[in-house]
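So the chains spell out like this:
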Amino acid sequence: MAEIALAQAPAHIRHGSNIGQPLTRRDGLVKVTGAARYAADHHPPGMLYGVLAVSDVARGRVAFLDVEAAKAHAGVVEVMTPTNKPALAQDPDEKTNPFMFRLDLLQTDRVRYANQAIAVVIAETLEAASEGAILLSPRYEAEPTRVGLDASESFVPPAVGVGHPSEVHRGDVEAGLAAASKRIEATYETAAQYHNAMEPHAIVATWDENKLSIDTPSQGLAMAQGRLAGLFGIPPGNIHIRSPFLGGGFGSKGFISGPQILGIMAARMVGKPVKLVLRREQMFGPVGHRAPTRQALRMGADNEGKLTALEHRAKTTSSTFDDFFEPAADASHTLYASPAIATSHEAVRVDTGTPLFMRAPGEATGSIALESAIDEMAEACAMDPLEFRLKNYAEVEPISGKPFSSKALRDCYAQGAEHFGWERRPLAPRQMRDRDGLLVGWGVGTATFPAIMFQAEAKAVLRQDGSGVVEIGAHDMGQGAWTALAQIAADGIGLDIDQVEFRSGTSDLPDGGIAGGSAHTATAGMAIYNAGADVIARLAGLATDDARSPLFGAGNAGVIARGGRLIRRDDESRSESYADILGRAGLAEIAGQGKSAADQAAQSTYAMHAHGAVFAEVKVDPDLGQVRVARVLGAFAAGRIINPRMVLSQLRGGMIWGVSFALNEQAVMDPRSGRPMNPNLSEYHIPVNADVPSIDAIVVEEHDPHVNALGIKGVGEIGVTGTAGAVANAVWHATGVRVRNFPIKLDRLIEPRS
Ligand code: MOS
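Residues numbered from 1 in each chain as written. Predicted model: local features only at pLDDT ≥ 70, side-chain atom pairs only at ≥ 80, totals over all residues. Heavy atoms only, no water.

Asker: Describe the overall build of the protein, with residues and values.
Answerer: Helix and strand counts for the protein stand at 17 helices and 30 strands. Computed over C-alpha atoms, the radius of gyration of the protein comes to 27 Å, within 12% of the 27 Å expected from 2.2 N^0.38 for 754 residues, which places it in the range of a compact globule. Viewed in the frame of its principal axes, the protein has a C-alpha envelope of about 85 × 75 × 50 Å. In the protein, buried positions account for 61% of the 754 residues. Restricting the contact set of the protein to residue pairs at least 6 apart, pairs at least 24 apart contribute 81%. Carbon and sulfur atoms form 50% of the exposed surface of the protein, whose accessible area is close to 27,900 Å². Distance between charge centres in the protein, computed from 71 positive and 86 negative side chains, equals 1 Å. (Helix = DSSP H or I, 4+ residues; strand = E, 2+ residues; numbered from the N terminus. Rg over C-alpha atoms; globule rule 2.2 N^0.38 Å. Buried < 20%, exposed > 50% of the residue type's maximum accessible area, 1.4 Å probe, protein only. Contact = heavy atoms within 4.5 Å. Areas by Shrake-Rupley, 256 points an atom, 1.4 Å probe, with all protein chains shown as cover. Lys, Arg positive; Asp, Glu negative; His and termini not counted. Charge placed at Lys NZ, Arg CZ, Asp CG, Glu CD.)

Put into structure tokens, the structure is as follows:
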């Protein structure tokens, strides 16, 4: 085969023009017309309904279940309990790697948290199964429960987040504080939050001998397949997972959860397909959550307003039986320059389900504390908080000492401030009122999120009819992967998007990696891009080796793939269609493969992050303390933008989460029972349209040559960061009251300042 020089220029130049287009969601029509079938929409013949019975107590054991009463109920087929559940090939409490989370699969009568599954009732109808679950009338031997940040003795976790060290420091914080002319010290608390995607966890499971077929939402198909293979003792290839649509994931669908697996066990037990869907309140326990935090920050600054020291200590909770530690203090590693930085974590064990990755895990919690503290430091220095940030943001990543692969934060600050009108902001608080007498305040926060790459594989096929197929087991949880990845696919093989069949969302396709860590577009996109390059190289080899092709001998010059043709790079008048090349070679189609992974050399050289600046305006009723967000504007730089429409939507969504973090979301735990007291969407508050009247994002141009060949960073989670702090800081600016407990509630604002 002739030598082909392909990867000389960025893909959008080399190939086509699909990348960068603001296409509407390709799955939009099927979604809005109801034609999209989500997991729970499936009804295979003979299907039964599984309903979880969950624990009312948070700690103890189940002493009695009235299985007889449940089984006697019309329509009830079976009751699955710890005594009769099907055997598993692996102990659900076994943990062979840090990201294999322990599961509650009815292995014993122990209760480790409220809403833990204690039985599954299987019936001919949903109603019968639900009624059967009530008839179980469980009795418990309950033990005293421990919830909250002071519930038990604290310890230093072995690692936080994804295996990061608990304690990190550089320089001498005490010396830095001693040398400072201004110092602040403040403690912030963030509430527990529960993943509440619109679509609860759901599964329809069908066994055929030792083959398992499931419809269930997944942010990580291959991982789920592997986990199930281990638990059921069957080869991964025997497990077919379909997950074409997810009604949101938020991190809670990254690992297959206990309740989903109970649906599979139920199907095995009765020998029929079983559907199991979590009720909303059952989302508050077994499928992960964001743990509460208490974060103590100390900072010092010199006479010039430059930081001399930054200390960030975070306390969080984890379950009694597993390890996940919200890496809140890590937020202070990358953003602000200080000659001395120290971060640390401690944790307590409580009687809740195991916390888990929840949108911007660590970054979100850490950001609201850090951004609040930076504002308090700016206030102590009598400086405008934006000016203070411009003076102190890091040019080189402070903890690692690595230069950033690219950083357009200054442009984000500048463009955001200009669009927001920041220059008209009075320095002192309580200076602005609107016509109705409401206090008005403006706040700013810096956004940042790491640019991560996982591993993925893809396959690309060119067919003689001029069409193409790209396959990857990727995940669209509403973020637009089915659109953005198809755009990369089309450019990767030099076709228009309408000529490409993009197959995604099932486990029989090449491993698309994980839709998490804001890394999916980069990870899956690069695998797709590389698969495209591979098939184009193979096709080009056919042409450039063939004396009958106008591309004959073009090998060293290279070719461009565009519009279904290969074009000689140094002479665009010489080209040939894919159809002609394949036809002459007598091939119906030609296939290529691609992989993606982080570039280790680049990773060890550069710190890779997306950046942004968020500005918020709030109005506070001085009599009632009610806070309303009037507008939020974020400017974000996140490398190459594959689809500006999807990206703006993701950024806006992230900013709404930030507003939610600052003002709304809180799981209230009853300290006596250990139960969440607001496990529903009427009392677990999330912002609705009226809560965020104006929200907008600006995409700041950025070219990052190091993150990956396409220059893609993620946008899924960065919007949360910066925003929550900007809202909190705006509340201070409106009222002069610094609320350090999140979400901010009105009682804090009507109380006299202490
Ligand atoms: Mo996310 S918490 O990276 O799914």
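Asker: Lay out the nonpolar core with the relevant residues and their values.
Answerer: Ranked by size, the top nonpolar core spans 128 residues in total, and within it Leu228 and Met299 carry the most contacts. With near-sequence residues (within four places) excluded, Leu228 lies in contact with Leu212, Ile214, Gly233, Ile239, Ile241, Ile256, Ile261 and Ile264. With 45 residues, the next largest nonpolar core counts Ile19, Ala481, Leu539 and Ala598 among its residues. (Core = buried A, V, L, I, M, F, W, Y, C linked by side-chain atoms within 4.5 Å.)

Asker: Account for the environment of Ala414, with residues named and values stated.
Answerer: Residue placement: Ala414 occurs in helix α10 (residues 409-420). The class of Ala414 is partly exposed, set by a relative accessible area of 46%. Separated by 199 residues in the primary sequence, Ala414 and Ala613 place their C-alpha atoms 8.8 Å from one another.

Asker: How would you summarise helix α6 (residues 221-232) if you had to cite specific residues and measurements?
Answerer: In a regular helix each residue adds 1.5 Å, so 12 residues correspond to 16 Å; α6 covers 16 Å between its end C-alpha atoms and thus fits that length. Listed as buried for α6 are Leu221, Ala224, Gln225, Arg227, Leu228, Ala229, Leu231 and Phe232. Buried residues along α6 sit in contact with β10 (202-208), β11 (211-215), β12 (239-242) and α7 (258-270). Positive backbone phi, at 65 degrees, marks Gly233, one or two positions downstream of α6. (Expected span 1.5 Å × (residues − 1).)

Asker: Outline the sheet that holds strand β22 (residues 500-504), supporting the account with residue identities and numerical values.
Answerer: Within the open sheet, the 4 strands sit side by side as β22-β21-β20-β26. Their pairing is mixed. Here the strands that pair on one side only, and so sit at the sheet edges, are β22 and β26 (589-596). Put simply, the sheet's adjacent strands are angled 15 degrees from each other on average, direction ignored. By the bridge criterion, 5 bridges tie strand β21 (residues 468-472) to β22 in an arrangement that is parallel. By the bridge assignment, Glu471 is partnered in β22 with Arg503. Contacting β20 (456-463), β21, β22 and β26, helix α12 (residues 520-544) runs over the sheet at an angle of about 140 degrees to β26. (Pairing = 2+ DSSP bridges. Axes fitted to C-alpha atoms, helices over the stretch in contact; angles between N-to-C directions.)

Asker: Help me get a handle on the pairing of strand β1 (residues 48-54), residues and values and all.
Answerer: Taking burial as the measure, the 7 residues of β1 include 7 buried ones, the bulk of the element. Alternating residues of β1 divide into Leu48, Gly50, Leu52 and Val54 and Tyr49, Val51 and Ala53, and every residue in both groups is buried. Note: β1 against strand β13 (residues 274-277), 3 bridges, orientation parallel. Its bridge partner being in β13, Leu48 is matched across the sheet by Val274. As defined by bridge partners, β1 adjoins strand β5 (residues 117-123) across 6 bridges and the pair is classed as antiparallel. Within β5, the residue paired with Val54 across the bridge is Ala117.

Asker: How would you explain the sheet that holds strand β23 (residues 559-562) if you had to name every residue and give the values?
Answerer: In space, the 3 strands of this open sheet follow the order β23-β24-β25, with antiparallel pairing throughout. Strands at the two margins of the open sheet, each flanked by one partner only, are β23 and β25 (575-577). On average, adjacent strands in this sheet sit at an angle of 20 degrees to one another, irrespective of strand direction. Bridge count between β23 and strand β24 (residues 565-568): 4 bridges; the pairing is antiparallel. Within the sheet, the bridge partner assigned to Ala561 lies in β24 and is Leu566. Sitting on the sheet, helix α13 (residues 578-585) is in contact with β23, β24 and β25, with an inclination near 70 degrees to β25.

Asker: So, the packing of aromatic side chains: which residues are in play, and what are the values?
Answerer: Two aromatic rings, taken as a pair, are described by how far apart their centres are and by the angle between their planes. Scanning the entire structure with this criterion turns up 17 aromatic pairs. Taken together, a centroid distance of 4.6 Å and an interplanar angle of 80 degrees make the contact between Phe250 and Trp657 edge-to-face. With Phe250 in the loop between β12 and α7 and Trp657 in helix α15 (residues 644-663), the pair connects residues that are 407 residues apart, well separated along the chain. For Trp657, a relative accessible area of 11% corresponds to the buried category. Taken together, the aromatic side chains of Phe99, Phe101, Phe255, Phe324 and Phe357 make up a single cluster linked through ring pairs. Between the NZ or CZ atom of Arg112 and the centre of the ring of Phe321, over which it lies, the distance is 3.8 Å. Directly above the ring of Trp207 sits Arg268, whose terminal nitrogen or CZ lies 3.8 Å from the centroid. (Phe/Tyr/Trp six-rings, centres within 6.5 Å; stacked < 30°, edge-to-face > 60°. Lys NZ or Arg CZ within 6 Å of the ring centre and 35° of its normal.)

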